[in-house]
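Commentary on secondary and tertiary structure
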Amino acid sequence: MSAEREIAVDYLARVEGEGAMYLRLKDDEVLDLQFKIFEPPRFFEAFLRGRRFQEAPDITARICGICPVAYQTSACNAMEHAADVILPAELLDLRRILYCGEWIESHGLHVYFLHAPDFLGYESGIAMAGDHPDRVKAGLRLKKLGNHIMTVLGGREIHPINVKVGGFYRTPATEELQALVPELEWALQAAIDTASWVAGFPFPEFERDYEYVAVRHPDRYGVEDGRIISNRGIDIAPEQWREVFEESHVAWSNALHAHVKERGSYHVGPMARYSLNFEQLTPLAQKAALDSGLGPTCSNPFRSIVVRAVEIVFAIEEILSIIDRYRRPAAPAVPVVADGRIGHGVSEAPRGILYHRYEIDDAGLISDAQIVPPTSQNQLSIEDDLRHFVPPHAHLEDKDLQWQLEQAIRNYDPCISCATHFLDLTVERET
Amino acid sequence: MRIVIGVGNPFRSDDAAGLEVARRLTNVTAYESSLGGFELMDLWQGADEVVIVDAMHSKSEPGTIRVYNPLDQPLPTATFASSHAIGVAETIEMARRLGRLPARLSVYGIEAETLTSGTTVSPAVAAAVERVVEELDHA
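Now for a look at the structure at hand. (Residues numbered from 1 in each chain as written. Chains lettered and ligands numbered in written order. Predicted model: local features only at pLDDT ≥ 70, side-chain atom pairs only at ≥ 80, totals over all residues. Heavy atoms only, no water.)

Section: the packing of helix H4 (residues 89-120) of chain A against helix H8 (residues 181-199) of chain A
Residue and element names in this part refer to chain A. At a closest axis distance of 11 Å, the pairing of H4 and H8 adopts a crossing angle of 25 degrees. With respect to H8, the axis of H4 lies roughly parallel. Facing H4, whose interface residues are Val111, Tyr112, Ala116 and Leu120, H8 presents Thr194, Trp197 and Val198. Here the contact of H4 with H8 is built from residues that sort into 6 nonpolar, 1 polar and no charged. (Axes fitted to C-alpha atoms, helices over the stretch in contact; angles between N-to-C directions. Helix = DSSP H or I, 4+ residues; strand = E, 2+ residues; numbered from the N terminus. Parallel < 35°, antiparallel > 145°, perpendicular 65-115°, else oblique. Contact = heavy atoms within 4.5 Å. Nonpolar A, V, L, I, M, F, W, Y, C, P; charged D, E, K, R; others polar.)

As structure tokens, this is what we get:
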């Protein structure tokens, strides 16, 4: 008779925020499994009540220091959609450059410093730097470029101050963007090299049949706006989010779990975007993907590191092509009046879809807010991955199994601080 | 060239000790860093001598000043923990492996009393800030 085993990771390393994992199994049967988010809730949706709708981008940006542009963009989209305003193409282009800068910074951090050490057997990016200094230097330089792009477009590298509902406070002169080109050209080759490097990592054999959900734009790879689609038939406008998805609370997580109504878990993020929108990637990004051994879809979550590297290639190529056609817009922003409306906005944060919904009263004040970050949406998928991964790997020693399970969680680049912005806190008291 | 980098979060009470020092210095080039992560390597690029000032929590008396020489041995990471994953101690270790440490480097730690939300430092820490400013400005 075999005994039960417990594997508990009290504090997950190399994720943003505070989370834990608990697994109880007997032989290859999983008895209990929890991806726990214990970072305290942060009540952002409640802070927003009573604030002017124009303040939402700057307030929600504070939810995350890694992906503030995602929060600013989804908030702007919600307000602009509420007011039936569509930004001129040049302003949308600038928003896209800023957003791609955030992808480069966030993916650069994850690929080089959070995820690569898993595959190469190091406990941290710092430990890895001793043996792979040139790779780590390239990673730092890529990440710095992402931050620099955010500074040029957003006024500073974290929590940009130049974004407003309706556009920007100031648009960059053509020369300011041209000045980015030499470093972007270096970065393009460095990103292609990165994709080829990470493609050679040892990946566990593990495929999942996910419902992938991502933003779809009619004529470009979905980043800053679009419809919401899935590989199981979802094709909706952002305002229909609540018709298809819902959130629920579980006792072991301070972040709400999101699921497709009457269906269950779904997967957002780079793998979903890639698999749903591959044909919209830029040419060199497609080539880097195929050269790295990826097909037009990817269902091994451990290969998400390759997909992120491919998306860095895409982001750089995309910025270069926008800079090439850039003409400084006549005005930095267009007027937006959202008083008395309800607005919904989505965009593709580095980790996946970020949905915002606001009710705005007749005085222009927010009366209700809902924010659904990607990590909340991925929690069920993370747990499903672990549940599927354990049985065929149950023969591993505890420490080896734990290493691989932690790696499986980091496949999602989870941002726990984002996930715990939520409003409802359930307190159970025994009497 | 000698530079001073003050590290801290301006919204976390005594955590701002390093920033307060950087703001008060008049005779030396000083930078404020609210991140304290890998950007430090860019800030000290080209400097021969670097002094970092940061709040610490080592269970000493609030306002205690301690000077570390991380060229000799790594900083104690628990004492210089960052609210973000990558702080001063981690950045110094990264720089050591990449060959990007300055020729001379010291870290002044100022023991914090409280790290709660707030934009003022407590009296013991304010006094320590003045002492460190005095020392660095006249070094």
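Back to the write-up after that little detour.
Notes on the sheet that holds strand S3 (residues 29-37) of chain A
Either a parallel or an antiparallel arrangement is found when strands of a sheet pair, and the pairing is made through backbone hydrogen bonds. Residue and element names in this part refer to chain A. The 3 strands are arranged S1-S2-S3 in an open sheet whose pairing can be described as antiparallel. In this open sheet, the two edge strands, each paired with only one partner strand, are strand S1 (4-9) and S3. Within this sheet the neighbouring strands show an average axis-to-axis angle of 5 degrees, counted without direction. Pairing geometry for S1 and strand S2 (residues 19-26), over 6 bridges, is antiparallel. What sits directly across from Glu6, in S2, is Arg24. (Pairing = 2+ DSSP bridges.)

Digging into the nonpolar core
Counting residues in hydrophobic clusters, the biggest one holds 153 residues, and the most contacted among them are Tyr274, Ile316 and Tyr358 of chain A together with Trp44 and Ile52 of chain B. Broken down by element, the residue count for this core peaks at 15 residues, all from H4 of chain A. Those residues within four positions of Trp44 of chain B in sequence are excluded, and the remaining contacts are Ile3, Ile5, Val50, Ile52, Thr91, Ile92, Ala95, Arg100, Leu101 and Pro102 of chain B. (Core = buried A, V, L, I, M, F, W, Y, C linked by side-chain atoms within 4.5 Å. Buried < 20%, exposed > 50% of the residue type's maximum accessible area, 1.4 Å probe, protein only.)

Focus: the packing of aromatic side chains
Counted according to the given criterion, the structure contains 18 aromatic pairs over all chains. Their ring planes at 85 degrees and their centres at 6.3 Å tell us that Trp103 of chain A and Tyr221 of chain A sit as a pair that is edge-to-face. With Trp103 of chain A in helix H4 and Tyr221 of chain A in the loop between strand S6 (213-216) and strand S7 (227-230), this residue pair connects regions lying 118 residues apart in the sequence. Tyr221 of chain A carries the same exposure label as Trp103 of chain A, and that label is buried. Each residue in the set Tyr112, Phe113, Phe119, Trp197, Phe201 and Phe203 of chain A together with Phe38 of chain B is aromatic and connected to the rest through ring pairs, giving one cluster. Arg141 of chain A extends its terminal NZ or CZ atom over the ring of Trp186 of chain A, reaching a point 3.8 Å from the ring centre. (Phe/Tyr/Trp six-rings, centres within 6.5 Å; stacked < 30°, edge-to-face > 60°. Lys NZ or Arg CZ within 6 Å of the ring centre and 35° of its normal.)

Side note on the pattern of salt bridges
Note that side chains of opposite charge can pair when their charged atoms are close. All names here are of chain A. The tally for this structure, following the rule as stated, stands at 38 salt bridges over all chains. When the shortest N-O distance is used, the salt bridge between Lys399 and Asp400 registers 3.4 Å. Among the charged side chains, a network of salt bridges with common partners joins Asp93, Arg96, Arg220, Glu224, Glu318 and Arg325. (Salt bridge = Lys/Arg side-chain N within 4 Å of Asp/Glu carboxyl O.)

Focus on the sheet that holds strand S2 (residues 29-33) of chain B
Residue and element names in this part refer to chain B. One open sheet holds the 5 strands; their spatial order is S2-S1-S3-S5-S4, and the pairing between them is mixed. Looking at which strands have only one partner, the edges of the open sheet turn out to be S2 and strand S4 (65-68). Along the sheet, successive strands turn relative to each other by an average axial angle of 20 degrees, direction set aside. Both strand S3 (residues 49-56) and strand S5 (residues 104-111) contribute to a ladder of 8 bridges, which runs parallel. Opposite Asp54, over in S5, you have Gly109 as the bridge partner.

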